[in-house]
Structure formats: structure tokens, C-alpha cells
Amino acid sequence: MSISSEDISSLRQRYEKAGQSHLFAFWDTLSAEQQTELAQQLDELDVSRVNQVFHTAIKADEEARAGKSHEITPPPPSSVECTIDGEADSAKVEHFRTVGLNAIAQGQVGVLLMAGGQGTRLGSSAPKGCYDIGLPSHKSLFQIQAERILSLQKLAAKHGSASASSSSCSSVVIPWYIMTSGPTRKDTEAFFAEHKYFGLEQANIVFFEQGTLPCLSLEGKILLETPHKVATAPDGNGGLYRALRTPYNKGSPDTVISDLQRRGIKYLHAYGVDNCLVKVGDPVFLGVCLSQNVQAGVKVVKKTDPSESVGVIALRDGKFGVVEYSEIPTALSEAREGNGELSFRAANIVNHFYTTHFLSEQVPAFEGEMAFHIARKKIPTVDAEGKPHKPSTPNGMKLELFVFDVFPFCDKLAVHEVARKEEFSPLKNAKGTGVDDQDTSRRDLLAQQKRWLENAGVKVEGEVEVSPLVSYSGEGLERYSGQTLEGNVEP
């Protein structure tokens, strides 16, 4: 980028008008290269939006601090669908699966992976999806999920070819949209290339990047990390929505939204990278959401302990949202229904459904009303002379949206209740913690696969790992009935 004096003058005027002219305080002391770097960063920044985000966030934060009371009620029964074995009508579950498989077979479904995090808490600087939870096969989380997509594509193709309405369906593509972050994108793309995209077609995997926002002072002024560089931080997993409309490669206008539309994708299943039990592109979940004709849907597991530190899906003043455990009065969090289950039990597991229309047309219309959450932090910056300054107390804020912040804007939200032991085992903590760590993830996945095999009449000897290429969710294992299996079960 070459910068002229006219460009700089225009840039200065834009920032002066926005009340952020202090960012040029050290301009005359910078080298030409440093001036170019700062000018490019400021030119790409939508400073008016930054100011608007700050004011909306402050207003919401002040209201929350004022202790405004809200009416909190469980989701309406009409929005909740349980498909847990033993609690649900098996014919109804099969209907949902058929509806979902029809949509997949017709090429209407994509999956979106939120994979911007690093494995820092796991003792690794690599992207979290590269992590090996210690399975006998040593497959990474990325590989497990890729193989589930491959398996589901085959299931849907088989389903489609057996259906009179889709008799011409010989192959199915489920495009995979992978949201990385600044620190993880390069390593994530390299990891996929190194492993030959785990058998998937490279053209059907789209990498894009979570956005960032400047760090702000407590008064809303943009902070400088150095005299020629703005301090920034990721904008939260809720930055997903804006990132979908941002070109994913420099020099190209292509966005995730334009790619969805080009491929004719109508529905998207979005999930987080750290759940080893996730049913990627789950046809039953799709069927639940399509049957309810909703803009968005959310998978939940049952909260059984009132003190569990997990947010729940509920209505706040009549609008859907995630209510954190700390926000629910004890009397409500402990309230139970006639069958003994908690009234507020729909535990959020970051597993969502969206229509492409909702993401492309409706979200942009209300996005400016979504209030970013404020995290007050000690942010390294520069002092009045441009020297590094490490504060001892919080001097600024990082702003982030959460992916569920769209829920209050949904007219209808499908709440799909599933079994925790079958669908949720998050990887959050370092090995040896005993909770949500490598060992619990490994244990839960192998225990699930043992149940599959034993239900199919197989005797399991020691630890047996079933490749997702052999079975997507326990189907097709009858061929091993009567056998004794040990080790890895691969195609």
C-alpha cells in the first residue's frame, strides 16, 4: 500500500471526526515503513462501527450492573424436542432422521466448525483441532470430524439413491466451513494440507477467519500496542456472523455467504471444535429444526445438578437466550417439574442450526443491536511518550460477541434435547484435571463405541475404537455380530 499526503489527510480527518485522533500522536516519529503499517491498519478499520459497538456495549453493561430484574422462564414446550433413547418415540426420531437425510442428499446442507482457539490450556500452542486425545489410532479432533463428514456423505448418498424422489443421487457433498483466527489460520490450513484433507475434497473445505476488534480504554479510546500498531483482540465466537460476510481470501470477493448461495446450501450445522462426540451434520437435529420450520435451532443436554456451571436456554422477558447459571436465582435454578427434572435444564453446548436466509438476510438487519460483552483487562499499551506500559490494574476492555447472542432476535428457536453421554464431552482442561480433559474425552468416546458394538451383538475385548468411516453413529455394526473385537475397527 502506497500512501499519499492526501490519503493521510483524509485518514486523519476520519479519525478526528470519530474522536480517535490520538492514534496519530506518534506519527512524526515513525519510519516510512511504520507509517505505512499504521495507515493500512487504520484504513481497514471501521472506526464508526467501533464507536457504535462501544456505546451499545456500555449501555448494556450499565443496565446489567444496575441489577435490572428480568422475568426468566423455561423454553415453551412447543419449541423443545427430546430424542433421547427411552424417552422419545422411536418412529418420530426416525422421521426426523429421514427429513434430515433428505436435505443432505439433495445437497442443501453444510457444516460450520468454530475452530479459532489454540490448545494453550491443553499445553499446546497448535490449533485445538490438531489435538490428539489419546485414542488408540491417535486421530486428531479434526480427523475424527472429517471422517464423520465422509461417513455421512455416504449414508446420505445411499439414502438418496433408495428414495424415489432422489433416485439420481449418486454422490453427496457436505461442504465444510472452518472458522479459524489470526493465530490459528496458517497452522490449520497447513495441518489439513499435510494430512491430504483427511480424504475430503480440498475444494469443499473453506477456511475463513474470525474477526478482531481494537482494545479500548475504559473511556472508549482505541489503544495502541506500539506507536505504530493498534492493540486488537478476537471479537468472540459471535464474530462468526460478520465473518460470514467478509471475504475469506485477500483479493477475492468470495465470502462464506456467497459460497453457500452458489452451492445452493439452505441449512447450516455449526459446532465447536472441542467436542469429540459431536455428530457433525446430524440428520436428526436437522430434521427437528426443519420440522419446526425455524430460523435457528440449538442442541442441549440435560442439566441435572442445579450448581453445574453451565448456561441454559431460557426465555428472558419473553425472548430466547442463554441465561448463565450466575444469573438465575437459586429458587429457579433448583425448581423441578413433576417428573423430578430441573425446570431450567436445557444446558447450552454450542451446537446450532441456521438457515442460510437467516444468516444472509436477517442477521445483518439486527446485528447493530447486538450488544458486545465487556471484559475489563490489563492491556499492554504505550505511555504518553510512546514507551511500553504494562498496567497493574485494568486499564481497558476487550469486546466480544457470543454466538448465541442472535437468539433474542429469533421469532422461533428449536431446542433439541439429546443425551449427554452420546453427544457432549468437551475438551477444556489440561490432562490430569479429571474434568473435561483429554482423559475424559477419550473415555467417553470409547465408552460410546463400546455401547454401539455391544448393542450390535459384538463382544468387546479391551479397548476397541471404531473408525467414523465404519460407522457414523452406531449403524452398520451388525456385520460384526457374534465376533470378538479388539484394537481398531477400520474399513
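Refer to the structure printed above.
Not measured: the values here are computed from a predicted model. (Residues numbered from 1 in each chain as written. Predicted model: local features only at pLDDT ≥ 70, side-chain atom pairs only at ≥ 80, totals over all residues. Heavy atoms only, no water.)

Further remarks concern the overall build of the chain. Looking only at helices and strands, one finds 13 helices and 22 strands in the chain. Taken over the C-alpha trace, the chain has a radius of gyration of 24 Å; the compact-globule value for 491 residues is 23 Å, and the two agree within 12%. Projected onto its principal axes, the C-alpha coordinates of the chain cover approximately 80 × 55 × 50 Å. By residue count, 52% of the 491 residues in the chain fall in the buried class. Looking at the chain alone, contacts between residues at least 24 apart form 72% of all its contacts between residues at least 6 apart. Counting every atom, the chain has about 22500 Å² of accessible surface; 48% of that belongs to carbon and sulfur. Across the chain, the centroid of the 51 positively charged side chains sits 1 Å from that of the 63 negatively charged ones. (Helix = DSSP H or I, 4+ residues; strand = E, 2+ residues; numbered from the N terminus. Rg over C-alpha atoms; globule rule 2.2 N^0.38 Å. Buried < 20%, exposed > 50% of the residue type's maximum accessible area, 1.4 Å probe, protein only. Contact = heavy atoms within 4.5 Å. Areas by Shrake-Rupley, 256 points an atom, 1.4 Å probe, with all protein chains shown as cover. Lys, Arg positive; Asp, Glu negative; His and termini not counted. Charge placed at Lys NZ, Arg CZ, Asp CG, Glu CD.)

Okay, helix α8 (residues 256-263) next. An α-helical turn contains 3.6 residues, so any two residues separated by three or four positions project in the same direction. Along α8, the positions that sit buried rather than exposed are Val256, Ile257, Asp259 and Leu260. Down the axis of α8, the smallest arc covering the buried residues is 165°, so these residues share one side. Against the buried residues of α8 lie β4 (176-180), β5 (205-209), β11 (267-272) and α11 (356-366). Once α8 finishes, Gly264 follows within two positions and takes phi at roughly 75°, a positive value. (Arc of directions from axis to C-beta.)

Strand order in the open sheet formed by three strands is β7-β19-β16, and the pairing between neighbours is antiparallel. Bordering the open sheet on either side are β7 (216-217) and β16 (373-377), each of which pairs with just one other strand. As paired strands, β16 and strand β19 (residues 396-400) are joined by five bridges and run antiparallel to one another. Across the sheet, the residue bridging to Arg376 is Met397, located in β19. (Pairing = 2+ DSSP bridges.)

Under the criterion given, the structure shown has 15 aromatic pairs. Aromatic side chains Phe358 and Phe366 sit 6.1 Å apart centroid to centroid with 45° between the ring planes, which places their arrangement in the tilted category. Across this residue pair, the class does not change: Phe358 and Phe366 are buried. Taken together, a centroid distance of 4.3 Å and an interplanar angle of 0° make the contact between Phe366 and Phe409 stacked. With Phe366 in helix α11 and Phe409 in the loop between β19 and β20 (413-418), the pair connects residues that are 43 residues apart, well separated along the chain. A relative accessible area of 25% places Phe409 in the partly exposed class. Through successive ring pairs, a cluster of aromatic residues spans Phe142, Trp176, Phe191, Phe192, Tyr197, Phe198 and Phe207. (Phe/Tyr/Trp six-rings, centres within 6.5 Å; stacked < 30°, edge-to-face > 60°.)

Most peptide bonds take the trans form, and the phi angle of most residues other than glycine is negative. Its identity as a non-glycine residue notwithstanding, His138 has a phi of 60°, on the positive side. Structurally, His138 can be placed in the loop between β3 (109-114) and α5 (141-162). His138 sits in the exposed class, given a relative accessible area of 52%. Although it is not a glycine, Lys196 adopts a positive phi angle of roughly 55°. With respect to the helices, strands and loops of the structure, Lys196 is situated in the loop between α6 (185-194) and β5.

For the pair helix α4 (residues 90-105) and helix α9 (residues 283-292), the least separation of the axes is 7 Å and the interaxial angle reads 95°. In terms of orientation, α4 lies roughly perpendicular with respect to α9. Seen from α4, the contacting residues are Val93, His95, Phe96, Arg97, Val99, Gly100, Leu101, Ala103 and Ile104; seen from α9, they are Pro283, Val284, Leu286, Gly287, Val288, Leu290 and Ser291. Residue composition of the contact of α4 with α9, grouped by class: 11 nonpolar, four polar and one charged. (Axes fitted to C-alpha atoms, helices over the stretch in contact; angles between N-to-C directions. Parallel < 35°, antiparallel > 145°, perpendicular 65-115°, else oblique. Nonpolar A, V, L, I, M, F, W, Y, C, P; charged D, E, K, R; others polar.)

We now examine the pairing of β11. With six of its six residues buried, β11 lies for the most part within the structure. Where burial is concerned, the two faces of β11 agree: the one with Tyr267, His269 and Tyr271 and the one with Leu268, Ala270 and Gly272 are both buried. Taken together, the six bridges between β3 and β11 define a ladder with parallel strand orientation. By the bridge assignment for β11, Met114 is matched with Gly272. By the bridge criterion, five bridges tie β11 to strand β15 (residues 346-355) in an arrangement that is antiparallel. Across the sheet, residue Tyr267 finds its bridge partner in β15, namely Thr355.

The subject of this paragraph is the pattern of salt bridges. Across all of its chains, the model carries 28 salt bridges by this definition. In this structure, Glu189 and Arg185 form a salt bridge, with 2.8 Å as the shortest nitrogen-oxygen distance. With Glu189 and Arg185 both in helix α6 and four residues apart, the pair spans about one turn of that helix. Of the residues examined, Glu189 reaches a relative accessible area of 29% and is grouped as partly exposed. (Salt bridge = Lys/Arg side-chain N within 4 Å of Asp/Glu carboxyl O.)

With that settled, consider the environment of Lys303. Note that Lys303 resides in the loop between β12 (296-302) and β13 (312-316). Sequence-wise, Lys303 and Ala347 are 44 residues apart; in three dimensions their C-alpha atoms are separated by 5.6 Å. With sequence-adjacent residues up to four places away left out, Lys303 is seen in contact with Glu308, Val310, Val312, Tyr325, Leu342, Phe344, Arg345, Ala347 and Arg420. In this structure the side chain of Lys303 is engaged in a polar contact, spanning 3.4 Å, whose partner is the backbone oxygen of Pro306. (Polar contact = N/O pair within 3.5 Å; in protein donor to acceptor, adjacent residues only side chain to side chain.)

Counting buried positions along β20 yields six of six residues, so the element is predominantly enclosed. Note that strand β2 (residues 80-82) and β20 share three bridges and pair parallel. Within β20, the position partnered with Glu81 by the bridge is His416. Here β12 runs beside β20; their pairing, made up of six bridges, is parallel. When the bridges of β20 are listed, Val301 appears paired with Val418.

Glancing now at the packing of α8 against α11. Between α8 and α11, the least distance of the axes is 10 Å, while the angle of their chain directions is 135°. The orientation of α8 with respect to α11, classified from their angle, is oblique. Crossing of α8 against α11: the hand is left-handed. Touching Ile257, Leu260 and Gln261 of α8 are Thr356, Leu359 and Ser360, all from α11. (Left-handed = near helix turned anticlockwise from the far one by under 90°.)

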